[in-house]
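Geometric and topological summary
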Amino acid sequence: MKQKKVNEMRSSTRILIGLIVGTLVGLVLNKLNFQDSAFLNGLVTQILEPLGALFMRSLRIIVVPLVFASLITGVGRMGSIVKLGSMGTKLGIYYLATSFIAVIIGQVLVSVMQPGVGLDSALVAEAKLQYSDKMAALTAKSAGVGESLWPGILSTIVPSNIIDAMANTNMLAIIFVAIIFGSALLALEKKKSEPLLSVTSGVEEAVVVIVGWVMKLAPYAVAALMVGVIARFGFDLLANLAKYMLVVVLGYALHFFGTYTMFVRTFLKYPPLTFMKKMMPVYATAFSTSSSAATMPTTIHTAEMSFGVKKELASFSIPLGTTVNMDGTTLFECVAALFIAQIFGVELGLVGQVSLCLIIVLSSIGVAGVPGGSIPVVMSAMAMFNIPPVGIALVLGVDRILDMCRTVLNVTGDMCGALYLAKCDGQKLRTGMEHKESTLDDK
Ligand code: ASP
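Note that the structure is a prediction, hence the values are computed from the model and not measured. (Residues numbered from 1 in each chain as written. Predicted model: local features only at pLDDT ≥ 70, side-chain atom pairs only at ≥ 80, totals over all residues. Heavy atoms only, no water.)

Around the ligand, the structure places 15 residues, and the nearest of them are Ser292, Thr329, Asp403, Arg406 and Asn410. One nitrogen or oxygen atom from the main chain of Ser290 is found 2.9 Å from a nitrogen atom belonging to the ligand. In isolation the ligand has 270 Å² of accessible area, and contact with the protein removes 100% of it. The class makeup of the residues in the shell around the ligand is 3 nonpolar, 10 polar and 2 charged. (Near = heavy atom within 4 Å. Polar contact = N/O pair within 3.5 Å; in protein donor to acceptor, adjacent residues only side chain to side chain. Areas by Shrake-Rupley, 256 points an atom, 1.4 Å probe, with all protein chains shown as cover. Nonpolar A, V, L, I, M, F, W, Y, C, P; charged D, E, K, R; others polar.)

Pasting the structure below:
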């Protein structure tokens, strides 16, 4: 056990070192204007960025089979349809409550701190020019989002072809079919459902082993990802957007250290510091990849192995949370939309602001858990309230850093959801730093 504890500490410490080294090297390359040197540019674009992308792809490659298999296992082993309904309802209430707290934090901060007031709108024109190629693609994508809200959302959730949904990583459809399938297994006699459940559970086990292997590369991959992001970061934009970034980061901090720490301490009766320590590999993966989907395998692994959440509960709540519960994203969307409204002088009034928050919470269900997944969605929400979507160009230059932080918040919400279900189920959560069967290191 002692050895395992050492292993776990080593795993998160190594990832943290990777994060720090990557950030420092990135800062140096940024200062040196790495694009001006053929050698440094080649190092970043031909070696480090492809290595980081490989790590993200290796994690994302297992997401579709993992979501499908783990949700079927989680639902199929839930015990009864009544328990499934009760767990689903609790989770739904938790998701909605935390998402609304997040948008309210965002809304209040923008109203009080007014980051967009007094900002030169000529900056928008300049940003539009700089991001013109990107903006065309984003505008086209955001138009699609608006159409798919209602009744389009129904055909997004209920696919006509599950293979097609899987090929296009349509997570809502995959989740819907897996829940229906799992419920059907739940309705069957145990001796009929068990053979299939042992297959889906076997797929899940195998995927967890693969995650263990991929995570061995995490310290290096995290460093490579950080170098690329920091080296390209527009520090010159910082002065203009400092107030906007401050509002977003302050909102994240309030939700992370306020809402979630309180939730962990009072609702879960769990020591917040131990929670954070155990979350290190999850945080580092989310921060460096900016993708809650790519982080999901690590989140499930940590829920089961470090916190001791029962397999069926982790398998049920985490894939669901990764797709539909994104507090960091809703908070960011709210701040970004209202910030741009302030710059363009769009008066929303209280009713308009409340409606915008509502649309943001609802549409965040469709945000893909990938870097910048929320950008087309927030543009579409802005268009509904006559806030010019092109204004988003202004914040694109600093968005990656904010995206890294909001992804950490998103995965925190997913983990808290899993721990909450475990608590509702009467489970005692593990507080020691040891892992149950295996660790990322000893796989
Ligand atoms: N990057 C976020 C995530 O993966 C999504 C977003 O807000 O853009 O959770």
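Moving on, we come to the packing of aromatic side chains. Applying the stated rule across the entire model yields 11 aromatic pairs. Judged by centre distance (5.2 Å) and plane angle (45°), the rings of Tyr94 and Phe263 are tilted. Here Tyr94, found in helix α4 (residues 81-113), pairs with Phe263, found in helix α12 (residues 238-267); they are 169 residues apart in sequence, far enough to count as distant. Given a relative accessible area of 5%, Tyr94 falls into the buried group. Cluster of aromatic residues (ring-pair linked, three or more members): Tyr94, Tyr95, Phe263, Phe267 and Tyr420. Directly above the ring of Phe307 sits Lys278, whose terminal nitrogen or CZ lies 5.7 Å from the centroid. In this structure, Arg406 is placed above the aromatic ring of Phe332, and the distance from its NZ or CZ to the ring centre is 3.8 Å. (Phe/Tyr/Trp six-rings, centres within 6.5 Å; stacked < 30°, edge-to-face > 60°. Helix = DSSP H or I, 4+ residues; strand = E, 2+ residues; numbered from the N terminus. Buried < 20%, exposed > 50% of the residue type's maximum accessible area, 1.4 Å probe, protein only. Lys NZ or Arg CZ within 6 Å of the ring centre and 35° of its normal.)

None of the figures reported here should be taken as evidence of function without further support.
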